[in-house]
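Working through the structure, step by step
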Protein chains: 2
Amino acid sequence: MAKIMTVPAETAQLDVRAYMSDVGRQAREASRAMARAGTRVKDAALLAIAAQLLANEAALLAANARDLEQGRAAGLDAALLDRLTLNTAGITGMAEGLRQIAALPDPVGEITDMNYRPSGIQVGRMRVPLGVIGIIYESRPNVTADAAALCLKSGNAAILRGGSEAFHSNRAIAACIHAGLEAAGLPRHAVQVMETTDRAAVGLLITMPEYVDVIVPRGGKGLIERISAEARVPVIKHLNGICHVYIDDRADRDKAVRIAFNAKTHRYGVCNAMETLLVAEGVAAQVLPELGRLYGEKGVELRGCPATRAILAQAVEATAEDWDTEYLAPILSIRVVPGLEEAIEHIHRHSSGHTESIVTEDIGRARRFLTEVDSSSVMVNASTRFADGFEYGLGAEIGISTDKIHARGPVGLEGLTSRKYIVVGDGHIRE
Amino acid sequence: MAKIMTVPAETAQLDVRAYMSDVGRQAREASRAMARAGTRVKDAALLAIAAQLLANEAALLAANARDLEQGRAAGLDAALLDRLTLNTAGITGMAEGLRQIAALPDPVGEITDMNYRPSGIQVGRMRVPLGVIGIIYESRPNVTADAAALCLKSGNAAILRGGSEAFHSNRAIAACIHAGLEAAGLPRHAVQVMETTDRAAVGLLITMPEYVDVIVPRGGKGLIERISAEARVPVIKHLNGICHVYIDDRADRDKAVRIAFNAKTHRYGVCNAMETLLVAEGVAAQVLPELGRLYGEKGVELRGCPATRAILAQAVEATAEDWDTEYLAPILSIRVVPGLEEAIEHIHRHSSGHTESIVTEDIGRARRFLTEVDSSSVMVNASTRFADGFEYGLGAEIGISTDKIHARGPVGLEGLTSRKYIVVGDGHIRE
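Labelled according to an unreviewed UniProt entry, chain A appears under the name Gamma-glutamyl phosphate reductase, originating from Thioalbus denitrificans. According to the UniProt record, the Catalytic activity (unreviewed entry) comment for chain A is "L-glutamate 5-semialdehyde + phosphate + NADP(+) = L-glutamyl 5-phosphate + NADPH + H(+)". Under Function (unreviewed entry), UniProt gives the following word-for-word description of chain A: "Catalyzes the NADPH-dependent reduction of L-glutamate 5-phosphate into L-glutamate 5-semialdehyde and phosphate. The product spontaneously undergoes cyclization to form 1-pyrroline-5-carboxylate."

The following block contains the structure:
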């Protein structure tokens, strides 16, 4: 029997450090080749990866089965096991996603605002990749293919760190990605899936500004807050979505009911679902009874302010905490407000800056709401559920940013690029 | 005689914390009013501040004299005292700067990319202020007026922290700013000049994400690195400028000499001055002797690679460190390279990502350089000295960003804004 070696903690950490340094350096090198790669080559790689995924279905399912088995043994709950599961439809979906990203216009190299200046030089801006993007995510293995595809199309190198529970699935997907990259003549290090589940590796990934240009965490609020707190690299973060619909007293009653119902009940566990409904006191008695009936049919628990409860007997009393809670569940807080001014004030105090919508027929109030509400998406007479990269026409989405800096709202390919200045002269010097 | 009280360190820190918390909350409140303020009101405030500065020249000069006196007593060097000095021309210049910013187009509210989507909603993007901007700078008091004006025009509230050596000058300028804001009906807290020279206050300013949306440090590399390391708020940073000019072997000799001479000698202490000259070996013998003569006349010290020194006897040997040094002085490192490939490689290894220029008549090489060099400004046949907000037509400049995220290159009003998504429907819901 072979001697069992135990690696001292310190040595293990040194190994992780060396490993991450290699990963970073390889990514930086690959990013140069990716920045140079033409559209045709990048699209060929995306299509080749899609073909690889379909051709290796059996291997992917086997790897996933291993993860599921370990997950069950480790006592993961049903919801987590469900997110972890890869099946034939999931693999076909990944391949289809890659083809859709191949079909999108290439953002890289776009030149805009090119103008002559009085000095005689021409100045413009060219869209360029960010460089190396680190993506940290949780259990869904399809994120591995999606995130790799978005980084690849936007000319970036990617370092992907999936959940440890999806380790074998992610490794099998990575093999398909590498085969596809190499088939198209691109460096395999353009997409690296981290080969360690050591938590220290994440700590290193987010503190290597020399190798990593931006971190995109995809996951729960806890993950994102932890990463933001420790990162020494810019983070494009998507915190929570405490989204509001405000029904103005000049709202069309039917539109108001339709939007408020859809924004809450279309899907519960999503960041663009409405969590708080604000209603102008002038229309509360007209819209709340019908909404109360509809929410009741769906089993939505209502938590209201005193004025709401005077109209909706079934509503329980909302606590101060309710106005700051992202339920992600069939629960809704409702508050009656005097009017637009107070609705905006409530939103500024309690919103997470994700998405807010006003229902009104009054163009002046719509204009004010659009201008004054400081959220990544601000809407008039539309359901908050539209706040989504696909609905907005971005073609794909790596997340929804609740930051103000760089990318705000749904982030597609453009959010993974920056713009540099380009200057063309003919021997021009500064006098 | 009054009893002298000594404040215990702990109490002093508590006071700073309470003070900064007040400053932050007041700025956040004022930022709402600023975001709503119309162009005419903001421009009126800028013009009123300009008028206040001119009307209060005597008070400004007296305050500045106090700073200069204390600075001399504290043994500040001549260069620092020079930067600290405010005279009539300086005050006129500040007022003129304010008028120029008033004359610029208002970036806030611009709606772009408004399109119908298949669902029937209209989706577009609206340019909006970032919110609260913290600016940390060193001795020049005119930055107080410049920075305030840029934040004001872009609809932001500003918290300004100048150098302690300019304390009285900045306070006098702040009085003019407040008078101008109030004359235009804007809140005085829209621009707050910090009333403490306690270093802990800066530490608090850069770690209050609830009150501050972005920090712009203006100063030396040391200041910026320290702030970046400690900030918990996004930082738009301007690190050093190790700028390169590459003279290709297909360069026009006259343009090459003119540009390489101008990029080094037009001004020495600026971030867009060339620090390293790269020359293709095929033209080194044609351009270096003439350049050596011109640099010699100007007293520029040359530090060269062996191939350079074989042509220019006066060049001393460049050390490895030279390629990574921002001289900000009449010193130039020169390296002969085989060609474009090696020039780009050298730039990727040693550039600080600020500005690089190629001199070539070959359109293919120009295209490659523009595409592959990953710096905030990339130029063809132009002096690096053009990398400047005014030369680029931004009308004003808060700094030059060497970051890739958000703003890159010269940062004007646009860099102090973000874009939110706006959605207009007519009762649209997600099916």
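Next, the rest of the story.
A few words now on the UniProt feature "domain: Aldehyde dehydrogenase" (unreviewed entry) in chain A. All names here are of chain A. Residues given the UniProt feature "domain: Aldehyde dehydrogenase" (unreviewed entry) here are residues 23–291 and 312–387. Taken end to end, residues 23–291 has its terminal C-alpha atoms 54 Å apart, with 52% of it in helix and 17% in strand. Measuring from the first to the last C-alpha atom of residues 312–387 gives 29 Å, for a span that is 28% helix and 26% strand.

Here the focus is the interface of chain A and chain B. Each partner contributes to the interface: chain A provides 68 residues, whereas chain B provides 68 residues. Where chain A abuts chain B, roughly 6,000 Å² becomes buried across the two surfaces, and 52% of that area is made up of carbon and sulfur atoms. Contact with chain B buries area across many residues of chain A, yet Ile405, Tyr421 and Arg430 of chain A alone supply 15% of it, more than any other trio. In this structure, Asp213 of chain A engages Lys404 of chain B in a salt bridge whose closest nitrogen and oxygen atoms are separated by 3.6 Å. Linking chain A to chain B there are 51 residue pairs in polar contact (both at pLDDT 80 or more). Secondary structure elements with two or more residues in the side of chain A that touches chain B: helix H1 (9–36), strand E2 (122–129), helix H9 (221–230), helix H10 (253–265), helix H14 (363–372), strand E13 (377–382), strand E15 (409–411) and strand E16 (417–428) of chain A. Residue contributions to the side of chain A that touches chain B peak at eleven residues, all from E16 of chain A. The residue makeup of the side of chain A that touches chain B, split by class, is 26 nonpolar, 20 polar and 22 charged. Sheet topology places E16 of chain A next to strand E13 (residues 377–382) of chain B; five bridges connect them, and they run parallel. The residue of E13 of chain B that forms the bridge with Val424 of chain A is Val380 of chain B.

So, on to the nonpolar core. With 152 residues, the main nonpolar core has Leu53 of chain A together with Leu53 of chain B as its most contacted residues. Excluding anything up to four places from it in sequence, Leu53 of chain A contacts Leu60, Ile91, Met94, Ala95, Leu98, Ala145, Ile173 and Cys176 of chain A.

Residues and elements named next belong to chain B. Within the sequence span of helix H9 (residues 221–230), burial applies to Leu223, Ile224, Ile227 and Ser228. Around the axis of H9, the buried residues are gathered within 125 degrees of arc, so they sit on the same side. Among the structural elements, strand E3 (132–137) and strand E6 (214–218) are those in contact with the buried residues of H9.

Turning our attention to the pattern of salt bridges. Tallying each qualifying case throughout the model produces 64 salt bridges over all chains. Taking the shortest distance from any N to any O, the salt bridge between Arg303 of chain A and Glu301 of chain A comes out at 2.8 Å. Within the structure, one salt-bridge network assembled from shared partners comprises Arg28 and Asp213 of chain A together with Asp374, Lys404 and Arg408 of chain B.

As a further point, take the sheet that holds strand E5 (residues 191–193) of chain A. All names here are of chain A. With parallel pairing, four strands are arranged side by side in an open sheet as E5-E4-E3-E6. Where the open sheet ends on each side, the last strands, each with one partner, are E5 and strand E6 (214–218). For this sheet, the mean inter-axis angle between neighbouring strands, taken without regard to orientation, is 15 degrees. Bridge analysis of strand E3 (residues 132–137) against strand E4 (residues 157–161) gives five bridges, and the strand direction is parallel. Bridge pairing links Val132 to Ala157 in E4. Together, E3 and E5 form the strand contacts of helix H7 (residues 167–183), whose direction differs from that of E5 by roughly 160 degrees.

All right, on to the side chain of Lys404 of chain A then. Relative to the elements of secondary structure, Lys404 of chain A occurs in the loop between strand E14 (399–401) and E15. For Lys404 of chain A, a relative accessible area of 15% corresponds to the buried category. Of the polar contacts made by the side chain of Lys404 of chain A, one reaches the side chain of Asp374 of chain A; its length is 2.7 Å. For Lys404 of chain A, the side chain forms a polar contact with the main-chain oxygen of Leu130 of chain B, separated by 2.7 Å.

This part is about the relation of the copies chain A and chain B. One copy of the chain maps onto the second through a rotation about an axis and a displacement along it. Rotating chain A by 180 degrees and translating it 0.0 Å along the rotation axis places it on chain B, where the RMSD comes to 0.0 Å. Such a turn and shift between the copies fits a two-fold axis. Among all residues of chain A, the one whose C-alpha sits closest to the rotation axis is His406 of chain A, at a distance of 1.9 Å. Looking at the interface residues of chain A, 100% of them are also at the interface in chain B, so both copies use one shared face.

Okay, the domain arrangement of chain A next. Split into domains, chain A comes out as domain 1 (13–237 + 414–420) and domain 2 (243–386). Its C-alpha centre places domain 1 of chain A at a distance of 37 Å from the equivalent point of domain 2 of chain A.

What follows covers the packing of helix H2 (residues 39–55) of chain B against helix H6 (residues 142–153) of chain B. Residues and elements named next belong to chain B. At a minimum axis separation of 9 Å, H2 and H6 run at an interaxial angle of 165 degrees. One way to sum up the angle between H2 and H6 is to call them roughly antiparallel. The two elements H2 and H6 meet at a crossing, and its hand is right-handed. On the side of H2, the interface is formed by Lys42, Asp43, Ala45, Leu46, Ile49 and Leu53, while H6 contributes Ala145, Ala149, Leu152 and Lys153. Its residues placed into classes, the contact of H2 with H6 shows seven nonpolar, no polar and three charged.

Calculation notes
- Residues numbered from 1 in each chain as written.
- Chains lettered and ligands numbered in written order.
- Predicted model: local features only at pLDDT ≥ 70, side-chain atom pairs only at ≥ 80, totals over all residues.
- Heavy atoms only, no water.
- UniProt positions renumbered as here; feature names shortened; annotations may be inferred.
- Helix = DSSP H or I, 4+ residues; strand = E, 2+ residues; numbered from the N terminus.
- Contact = heavy atoms within 4.5 Å.
- Buried area = accessible area lost by both parts, 1.4 Å probe.
- Salt bridge = Lys/Arg side-chain N within 4 Å of Asp/Glu carboxyl O.
- Polar contact = N/O pair within 3.5 Å; in protein donor to acceptor, adjacent residues only side chain to side chain.
- Nonpolar A, V, L, I, M, F, W, Y, C, P; charged D, E, K, R; others polar.
- Pairing = 2+ DSSP bridges.
- Core = buried A, V, L, I, M, F, W, Y, C linked by side-chain atoms within 4.5 Å.
- Buried < 20%, exposed > 50% of the residue type's maximum accessible area, 1.4 Å probe, protein only.
- Arc of directions from axis to C-beta.
- Axes fitted to C-alpha atoms, helices over the stretch in contact; angles between N-to-C directions.
- Least-squares fit on C-alpha atoms with pLDDT ≥ 70 in both.
- Domains from an automatic or database assignment.
- Parallel < 35°, antiparallel > 145°, perpendicular 65-115°, else oblique.
- Left-handed = near helix turned anticlockwise from the far one by under 90°.

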